[in-house]
Amino acid sequence: MGVGIEVINLNAWYGTNYTLQDINLNIPANHATALIGPSGCGKSTFVRCLNRMHETNPIARVTGTVLIGDLDIYKDAKPVEIRRRVGMVFQRPNPFPTMSIYDNVAAGLKLNGYHNRHALDEIVEKSLKNSALWDEVKDDLKKKSGASLSGGQQQRLCIARALAVDPEVLLMDEPASALDPVSTSKIEDLIFQLKSQYTIVIVTHNMQQAARVAENTGFFLNGRMVEFNSTHKIFTNPSDKRTEDYITGRFG
Amino acid sequence: MGGHKLPTEHKLRARIRTLADGAATGLAVLSTVLVVAPLVAIFVYLIYKGASSLNWAFFTHNPAPVGELGGGMANAIVGSAILLAVGSLIGVPVGISGGIFLAEFGRGTKLANAVRFTADVLNGVPSIVMGIAVYSLIVVPQGHFSAFSGGVALGIMMIPTVCRTTEEMLLMVPNAVREAALALGVPNWRSVLAITVKTASPGIITGCMLAFARVAGETAPLIFTAFGNVGWSAKLSEPIAALPLQIYVYALSPYDEWHRLAWAGALVLIVLIVVAVSLVRYVTSRGVLKGAS
Amino acid sequence: MTRIRFQQSLDDLKEQLLVMAGLAEQAIQRAIEAYRVRDLSICDLVDRSEIAINRLERDIDQAALDLLAMEQPMAIDLRFILSVIKINADLERVGDAAKSISDRVRSMEQMAVADLPVDIPKMASLAAEMVRKCLQSFIEADAEMARTVLAMDDAVDAMNRAAYKALTKVMREESHLAPQALNALMISRSLERVADHATNIAEDVVFWVQGADVRHHKSVTGGRDPHAMG
């Protein structure tokens, strides 16, 4: 089951670059929340603060509080622990090139010391089914490498890999932007189904996609969150003129 | 296509382009031939000069006393194998660890820059100087020549190549792969070893083989360390024969018999290097999955 | 500013609707004038403009559909196009109402002039004023002006109800005046319809500009649903 995320006064820097300013936000559990905004507005940085991937850059700095459920992820836990509870899917599919499909899905578990063969088989199957890839690969699990699949399949493989560690939150950074329309639709349908089990945060450039999959949407601009509301409100009658200018394409 | 005629000027330009294209292709082929030709020539010449001296005895007998016919280089072949084994045991782990440090843990730090600089300097040290250095550091305190000191000399010479190649191959692993592992909650050290290094392993192995092939033929560092041995020896604490060393000694000798053996030895040395490298390639490629790049 | 072509298309759509609105407003005013002066040549003008109005309705719907499909409009743009489609339909009905009045005027030509207890001209001027105002609010995107139109509908409804009462009485008690009374009743009905359509247009303007759905509101004076007959 998913948990809610509460963000309080989050500020983030890359060196001297003040990337996120005073972000306050409540992301409800078991819903999909979309984050939209122009390039460079900080939405990807924000999402990376939610699983402390922001810190993999040595010049990155964060202040503020992020609560995942009841856990203060910056005070009460280590990055490695957080990342097992908050999974991430990236813009370009990145399966491990030296591993088979099976090993890719099981990677998060195997690399953390989990080796129970039977249980792994079950988890791999369940994850691949949850990411709507099982039928296409069930005969080639150990024979084909993860990198030999098509783009859309690779992305679903990455989703399965993220799901296999049983996270509570799934962060998706423009998951379909490198995919064709059919694959995109499949991913969107998937998000719809996954919502009931996980809390999903999806960064997207594609507003129609946000409108299709997310109940709530946040609009980021220049490092600030300008408006956060139900997707319906944002796209039919947003409160802030800047939001409206962005979604109607009137941006300068 | 309709009958759209090109003006004459365009035709001329097109013809020049085709000629230029052909000329460039020709130059490329010629260059390739020029590069490969010496290699082939050497190989052919070695076969011509050395193959006739190859017999079963060559591989099983030690050198015969001066003046006698026959004999072989069995001890040198085994000696080279031992020296290279010791050298690899030193050079490969140290080099790979250094490469991993440079690429994954120390990127941008002053320490990494210092390490890299040291490796580059080490690479430039003449092999004879390397031999003298190991002589002072190991042979003199121990009081005798030894296979061990020869192995150390070779090992140190392997380090820069292995280290730099490892670093380069690791840097070529796309960051996306590292991020994927980190995002799964895998600790950094584990991600480096299990994922990044594994992804770069074909390149790293190539680096090791390059270093191996280079030191397999080194003679100068062995002169003051392994020293050579006319008899049989497989002990690390004793002087040991080595193929390149033996070839060198025999080639400089005044005896025709020894010259014959030197040619044969040179041929065997090259063939053994090729075989060793191919074997490693074959064994490691068996593990690669279908479809992986 | 980006999306210049889209903005141009939106402006063009607005222009087209305003042309149609002009025709519809003119048709109503002519129909009322024809009633006032009993001039059949004016009826001809009304009939012709109705044809133009119908053609424009098709064109505007097509243009709106294209914009929805091709441009993925959002927020205010989406509300605007939706409003245009609905106002389009209401304007076409206004044109129909004008034609209906014009038809009544033609049939009344054969009849004797009767003095009926209804003030058609007053109703007509109120209805015409509502049409003028709701179109003005559309041109200026003025939601407050549009809201005042909503309030005017009650008066027209009341007049229509009174006309119904008075004219049915006439038809019962002075049956020789029945044809004139019936025609007057139908004209009154048409004018009430025109007021309704003007109200709808005003509601659509409020929806477009403010994103608020103010349809089927209860009037502050009556408490009766203005869309109910009665």
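This structure is a prediction, so every number in the text was calculated from the model and none was measured.

What counts, and where the lines are drawn
Residues numbered from 1 in each chain as written. Chains lettered and ligands numbered in written order. Predicted model: local features only at pLDDT ≥ 70, side-chain atom pairs only at ≥ 80, totals over all residues. Helix = DSSP H or I, 4+ residues; strand = E, 2+ residues; numbered from the N terminus. Rg over C-alpha atoms; globule rule 2.2 N^0.38 Å. Buried ≥ 20, exposed ≤ 12 C-beta atoms within 10 Å, placed from the backbone. Contact = placed C-beta atoms within 7 Å. Pairing = 2+ DSSP bridges. Core = buried A, V, L, I, M, F, W, Y, C linked by C-beta atoms within 7 Å. Expected span 1.5 Å × (residues − 1). Nonpolar A, V, L, I, M, F, W, Y, C, P; charged D, E, K, R; others polar. Axes fitted to C-alpha atoms, helices over the stretch in contact; angles between N-to-C directions. pLDDT = per-residue confidence, 0-100.

### Notes on the overall build of chain B
- The helix and strand tally for chain B stands at eleven helices and zero strands.
- Overall, chain B shows an N-to-C arrangement of helices and strands of α-α-α-α-α-α-α-α-α-α-α.
- Against the 2.2 N^0.38 benchmark of 19 Å for 293 residues, chain B shows a C-alpha radius of gyration of 25 Å, more extended than a compact globule.
- Burial status across chain B gives 39% buried among its 293 residues.
- Taking contacts inside chain B between residues at least 6 apart in sequence as the whole, the part at least 24 apart equals 72%.

### Some words on the overall build of chain C
- Helices and strands together make up the secondary structure of chain C, namely six helices and zero strands.
- Written out in order from the N terminus, the α and β elements of chain C read α-α-α-α-α-α.
- Expected size for 230 residues packed as a compact globule is a radius of gyration near 17 Å; at 19 Å, chain C falls within 12% of this value.
- Counting only C-alpha atoms, chain C reaches 70 × 40 × 25 Å along its principal axes.
- Looking at chain C as a whole, 43% of its 230 residues qualify as buried.
- Restricting the contact set of chain C to residue pairs at least 6 apart, pairs at least 24 apart contribute 80%.

### Some details on the sheet that holds strand S1 (residues 5–14) of chain A
All names here are of chain A.
- Strand order in the open sheet made by the four strands is S2-S1-S4-S5, with antiparallel pairing throughout. On the outer flanks of this sheet lie strand S2 (17–27) and strand S5 (71–72), each paired with one strand and no other.
- For strand S4 (residues 60–68) and S5, the ladder comprises two bridges, and the chain directions are antiparallel. Each residue of the ladder has a partner; that of Ile 68, found in S5, is Leu 71.

### Describing the nonpolar core
- Formed by 218 residues in total, the largest nonpolar core has its most connected members in Val 201 and Ile 202 of chain A together with Ala 127 and Cys 134 of chain C.
- The element best represented in this core is helix H6 (residues 178–210) of chain C, accounting for 15 residues.
- When sequence neighbours within four positions are dropped, the list of residues in contact with Ile 202 of chain A reads Ala 32, Ala 34, Met 172, Pro 175, Ile 191, Val 213 and Ala 214 of chain A.

### Regarding helix H5 (residues 143–173) of chain C
Residue and element names in this part refer to chain C.
- The terminal C-alpha atoms of H5, which comprises 31 residues, lie 46 Å apart, in line with the 45 Å expected from a rise of 1.5 Å per residue.
- Among the residues of H5, those classed as buried are Ala 146, Val 149, Leu 150, Asp 153, Val 156, Asp 157, Met 159, Asn 160, Ala 163, Leu 167 and Val 170.
- The elements touched by buried residues of H5 are helix H4 (120–140) and H6.

### Things to note about the interface of chain C and chain A
- Taken together, the contact pairs eleven residues of chain C with 13 residues of chain A.
- Grouping the constituent residues of the side of chain C that touches chain A by class yields five nonpolar, three polar and three charged.

### Structural notes on the interface of chain A and chain B
- Listed as interface residues are 26 residues of chain A and, on the opposing side, 20 residues of chain B.
- Elements with a minimum of two residues in the side of chain A that touches chain B: helix H2 (79–85), strand S6 (86–89) and helix H3 (101–110) of chain A.
- Here the side of chain A that touches chain B gets four residues from one element, more than from any other, and that element is H2 of chain A.

### Section: the environment of Asp 21 of chain B
- Its location among the elements puts Asp 21 of chain B in helix H1 (residues 8–50).
- By C-beta crowding, Asp 21 of chain B is classed as exposed, having 10 other C-beta atoms within 10 Å.

### A short note on the sheet that holds strand S7 (residues 169–173) of chain A
All names here are of chain A.
- Spatially, the six strands line up as an open sheet ordered S6-S7-S8-S3-S9-S10, and their pairing is mixed. Since the sheet does not close on itself, it has two edges, and those belong to S6 and strand S10 (224–230), each with one partner. Each neighbouring strand pair of the sheet contributes to a mean axis angle of 20 degrees, computed without reference to strand direction.
- Of the pairings in the sheet, the one linking S7 to strand S8 (residues 199–203) comprises five bridges and is parallel in character. Of the residues in S8, the one forming a bridge with Val 169 is Thr 199.
- Docked against the sheet, helix H1 (residues 43–50) engages strand S3 (32–36), S6, S7, S8 and strand S9 (216–221), running at close to 150 degrees with respect to S8.

### Thoughts on unusual backbone geometry
Residue and element names in this part refer to chain A.
- Positive phi outside glycine occurs at Asn 9, with the angle close to 50 degrees.
- With respect to the helices, strands and loops of the structure, Asn 9 is situated in strand S1.
- If you check the backbone angles, Asp 22 has positive phi at about 50 degrees while not being a glycine.
- Positionally, Asp 22 belongs in strand S2.
- Residue Asp 22 is classed as exposed on the basis of its C-beta count, with 12 C-beta atoms lying within 10 Å.

### Quick look at the environment of Ala 112 of chain C
- Note that Ala 112 of chain C resides in the loop between helix H3 (75–108) and H4.
- Through-space distance from the C-alpha of Ala 112 of chain C to that of Ser 175 of chain C is 14 Å; in sequence the pair is 63 residues apart.

### Here's the deal with the confidence of the model for chain B
- Mean pLDDT over chain B: 88, with 95% of residues reaching 70 or higher.
- Contacts for the low-pLDDT stretch residues 288–293 of chain B, under 50 throughout, to residues beyond four places or in other chains number 15 contacts.

### A word on the pairing of S1 of chain A
Residues and elements named next belong to chain A.
- In this structure, S1 lies alongside S4, joined through eight bridges in antiparallel fashion. Across the sheet, residue Ile 8 finds its bridge partner in S4, namely Thr 65.
- Where S1 lies against S2, seven bridges are found, and the strand directions are antiparallel. Residue pairing across strands places Ile 5 opposite Ile 27, the latter belonging to S2.
- Following S1, the chain reverses through two residues before pairing antiparallel with S2; Gly 15 in that reversal takes a positive phi of roughly 65 degrees.

### Regarding the environment of Gly 217 of chain B
All names here are of chain B.
- Its location among the elements puts Gly 217 in the loop between helix H8 (188–216) and helix H9 (220–223).
- Classification of Gly 217 by C-beta neighbours within 10 Å gives partly exposed; the count is 14.
- When the C-alpha atoms of Gly 217 and Ile 273 are compared, they prove to be 8.8 Å apart, with 56 residues separating the residues in sequence.

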